Amino acid sequence: MSFPKNFLWGGATAANQCEGAWNVAGKGDSISDHNRAGDRTSGTHRAFDLVIDTEKYYYPSHTGIDSYHRYKEDIALFAEMGFKVYRLSIAWTRIFPNGDEESPNEAGLQYYDDLFDELNKYGIEPLVTISHFELPFHLGKKYDGFLDKRTIGFYEKYATTLFERYKDKVKYWLTFNEINFGTMEHGKKINGLFNREYTETEQYQALHNVFIASAKAVIAGHKINPDFKIGCMLAYITMYPKTCRPEDVLKTQQVNEKFNFLCGDVQVKGAYPYFAKRYFEKNNIQLDITAEDKALLKAGTVDYYTFSYYMTTCIADDLDKREDKTGGNLFGGVANEYLETSDWGWQIDPVGLRYTLNQIYSRYEVPLMVVENGLGAFDQVEADGTINDDYRIDYFKRHIVEMNNAIDDGVDLIGYTPWGCIDLISAGTGEMSKRYGFIYVDRDDEGNGSLERSRKKSFYWYKKVIESNGEDLSV
Ligand code: BG6
């Protein structure tokens, strides 16, 4: 069994991590523009300034890798690798700088028109994330973001503006990046809760309002163009019980349900699962969910399911007290002695991807796409300018083998967009030195460097993989 003929090979980025030009052509500031640079230990704890002070601090999103100005060069390189699809996000604040304006910013709309035309020139299908950690800061400051139901309307207007404008240029959409971040303490900021302390009820109310915003966008999008494919996007952290002790297994099930299943169930099945309702009751989380909301969730289910997959983790009954914790993408657990870790402590688990694809598909049976996967690593530029990132090739190779195995298992996997196909700013730490790309960008953690692009060894390798539709993985 091999990859289907029309398999969507490509790569993924997000506006706030690569565009830069943070205050150009009418763009407003997003929550990401308030994140200072961090370091390897920052994780989700990067300094977030309510008032931006560029005199004093460096904010990596303000310049990114300058793809706002260099997108043509970048897209030409993606085309050279043979990309069939390019996942990018639209910066909400280029379209509605504050988020609550009456009418959109034409310069922002035109920018993405030009970008989609450039992709079209090479026959690359855009896959657009409508909101990728880029909420207009103003919506957080003034309304507490999605805690206020008016923000649902602002999002709906933003999404509808995009659907109307790009209805003939974009077919694949994702409503929110890693929506399940909203089930976590750290995820509050993403949904615009940063003015004060918030209760768990408020956290879940904001998440509920995000679900409604997503459902409304799906309904509106399908009306505008019935051919649209509108999906959800989750950070999938596969969890194994640390041991076969029933207590560890049970705890794993509970943590997994809340982190991995809750959001997917709402977005794919159109209703809260029983375990979520029980969790709300037991923890006195009282949400304002109207009958109309329930109908919207049912009517606004997604067409396909996408997720990020970098790592897996282990869960133990005494998770909170454990000392053998591991790092991770949003979510760390207990270390797995059978797995190696990246330099950032993320546990590398290719077989886990096959397991994950089967786990998700058996639950939902809708088409799946892996829209983020990759190895954040230090790269060394040799004296002759080459970058020999064999470790990255090895990572991808092993994950592609397991995707192929999952397809063989019967999973309907339609695409693969490795994360940070061009080096960009890390979302977690704000570093440049945590590199994911096939394309190297000359830029360091302090914002120095020529921004020049160059091809890594993995660039040539991935080109061959795409050319052979995943058959030729040799180095
Ligand atoms: C995902 C995000 O959580 O992981 C991306 O959707 C992010 O925005 C990626 O960049 C990798 O995480 P990091 O912290 O290494 O950038």
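Per an unreviewed UniProt entry, the protein chain goes by 6-phospho-beta-glucosidase and derives from Enterococcus rivorum. If you open the UniProt record of the protein chain and go to Sequence similarities (unreviewed entry), you find "Belongs to the glycosyl hydrolase 1 family."

Caption draft 1: A look at the overall build of the protein chain. Counting its regular elements, the protein chain contains 13 helices and 12 strands. For the protein chain, the C-alpha radius of gyration of 21 Å lies close to 23 Å, the compact-globule estimate for 475 residues. C-alpha extents for the protein chain along the principal axes are approximately 60 × 55 × 50 Å. Evaluated residue by residue, the protein chain yields a buried proportion of 60% over its 475 residues.

Caption draft 2: Structural detail: the pattern of salt bridges. On inspection of all chains with the given rule, the structure shows 38 salt bridges. We note a salt bridge from E80 to R455, for which the minimum N-O separation is 2.8 Å. Of this pair, E80 sits in helix α2 (residues 67-81) while R455 sits in strand β12 (residues 453-455), placing them 375 residues apart in sequence. Residue classification places E80 among the partly exposed positions, given a relative accessible area of 31%. The shortest N-O distance in the salt bridge between K169 and D113 comes to 2.8 Å. Placement of K169 in the loop between α6 (150-165) and β4 (172-174) and of D113 in helix α4 (residues 106-121) is noted, with a sequence separation of 56 residues between them. By sharing partners, the salt bridges in this structure join D379, D389, R392, D423, R435 and K456 into a single network.

Caption draft 3: Focus on the side chain of T161. If you trace the backbone, T161 turns up in helix α6. Judged by relative accessible area, T161 falls into the buried class, the value being 15%. Apart from residues no more than four positions distant in its own chain, T161 is found in contact with I95, F96, P104 and L109.

Caption draft 4: Here's a closer look at the pairing of strand β3 (residues 125-129). Among the 5 residues that make up β3, 4 are buried, leaving the element largely enclosed by the rest of the structure. With 5 bridges joining them, strand β2 (residues 85-89) and β3 adopt parallel strand pairing. In the strand pairing of β3, V85 is matched with E125. In terms of strand pairing, β3 meets β4 through 3 bridges, oriented parallel. Among the inter-strand pairings, V128 is bridged to a residue of β4, identified as W173.

Caption draft 5: Structural view of unusual backbone geometry. The backbone of A21 shows a phi angle near 45°, a positive value even though the residue is not glycine. When you line up the elements, A21 lands in the loop between α1 (15-18) and α2. Phi at D144 takes a positive value of approximately 55°, unusual for a residue other than glycine. Looking at the element boundaries, D144 is found in the loop between α5 (137-143) and α6. With a relative accessible area of 17%, D144 lands in the buried category.

Caption draft 6: Expanded view of the site of the ligand. Residues in contact with the ligand amount to 15 residues; listed here are only the nearest, Q17, E178, A427, K434 and Y436. Between H132 and the ligand, the recorded distance is 2.9 Å, taken from a side-chain N or O atom to an oxygen atom. The backbone of A427 places a nitrogen or oxygen atom 2.7 Å from an oxygen atom of the ligand. Its residues assigned to classes, the shell around the ligand comprises 6 nonpolar, 6 polar and 3 charged.

Caption draft 7: Region of the structure containing the environment of C421. Assignment of secondary structure puts C421 in the loop between β10 (413-416) and β11 (439-441). Classification of C421 by relative accessible area gives buried; the value is 0%. In this structure C421 touches G11, A12, T13, F78, F83, Y86, G437, F438 and I439, once residues within four positions along its chain are discounted.

Caption draft 8: Just helix α12 (residues 390-409), in detail. Over its 20 residues, α12 runs 29 Å from end to end, which matches the ideal 28 Å to within 8%, given 1.5 Å per residue. In the stretch just after α12, G410 is the one whose phi turns positive, near 110°.

Caption draft 9: Molecular detail of the packing of aromatic side chains. Following the criterion strictly, the structure yields 44 aromatic pairs and no others. Seen in terms of ring centroids, F3 and F7 are 4.8 Å apart; in terms of plane orientation they differ by 55°. Their pairing is tilted. For the ring pair Y111 and Y112, a centre distance of 4.9 Å and an interplane angle of 80° mean the geometry is edge-to-face. Of the residues examined, Y112 reaches a relative accessible area of 0% and is grouped as buried. Every member of this aromatic cluster is reached through a ring pair, and the members are F3, F7, W9, F78, F83, Y86, Y395, F396, Y416, F438 and Y462.

Caption draft 10: Broad picture of the sheet that holds β2. Here 8 strands make up a closed barrel; going around it, the order is β1-β2-β3-β4-β5-β7-β9-β10 and the pairing parallel. Across the sheet, the axes of successive neighbouring strands diverge by a mean angle of 30°, strand direction being ignored. Relative to β2, strand β1 (residues 8-12) runs parallel, the two being bridged by 3 bridges. Bridge assignment links G10 to a residue of β2, and that residue is V85. The strands touched by helix α11 (residues 350-364) are β7 (304-308), β9 (368-372) and β10; relative to β7, the strand with the most contacts, the crossing angle is about 150°.

Caption draft 11: Seen up close, the packing of helix α8 (residues 246-269) against α11. Where α8 meets α11, the axes come as close as 11 Å, and the angle between the chain directions of the two elements is 40°. Looking at the two axes, α8 sits oblique to α11. As α8 runs across α11, the sense of the crossing is right-handed. Contact residues: α8 offers N256, F261, G264, D265, V268 and K269, while α11 offers Q359, R363 and Y364. Counted by class, the contact of α8 with α11 contains 3 nonpolar, 3 polar and 3 charged residues.

Scoring rules and cut-offs
Residues numbered from 1 in each chain as written. Predicted model: local features only at pLDDT ≥ 70, side-chain atom pairs only at ≥ 80, totals over all residues. Heavy atoms only, no water. UniProt positions renumbered as here; feature names shortened; annotations may be inferred. Helix = DSSP H or I, 4+ residues; strand = E, 2+ residues; numbered from the N terminus. Rg over C-alpha atoms; globule rule 2.2 N^0.38 Å. Buried < 20%, exposed > 50% of the residue type's maximum accessible area, 1.4 Å probe, protein only. Salt bridge = Lys/Arg side-chain N within 4 Å of Asp/Glu carboxyl O. Contact = heavy atoms within 4.5 Å. Pairing = 2+ DSSP bridges. Near = heavy atom within 4 Å. Polar contact = N/O pair within 3.5 Å; in protein donor to acceptor, adjacent residues only side chain to side chain. Nonpolar A, V, L, I, M, F, W, Y, C, P; charged D, E, K, R; others polar. Expected span 1.5 Å × (residues − 1). Phe/Tyr/Trp six-rings, centres within 6.5 Å; stacked < 30°, edge-to-face > 60°. Axes fitted to C-alpha atoms, helices over the stretch in contact; angles between N-to-C directions. Parallel < 35°, antiparallel > 145°, perpendicular 65-115°, else oblique. Left-handed = near helix turned anticlockwise from the far one by under 90°.

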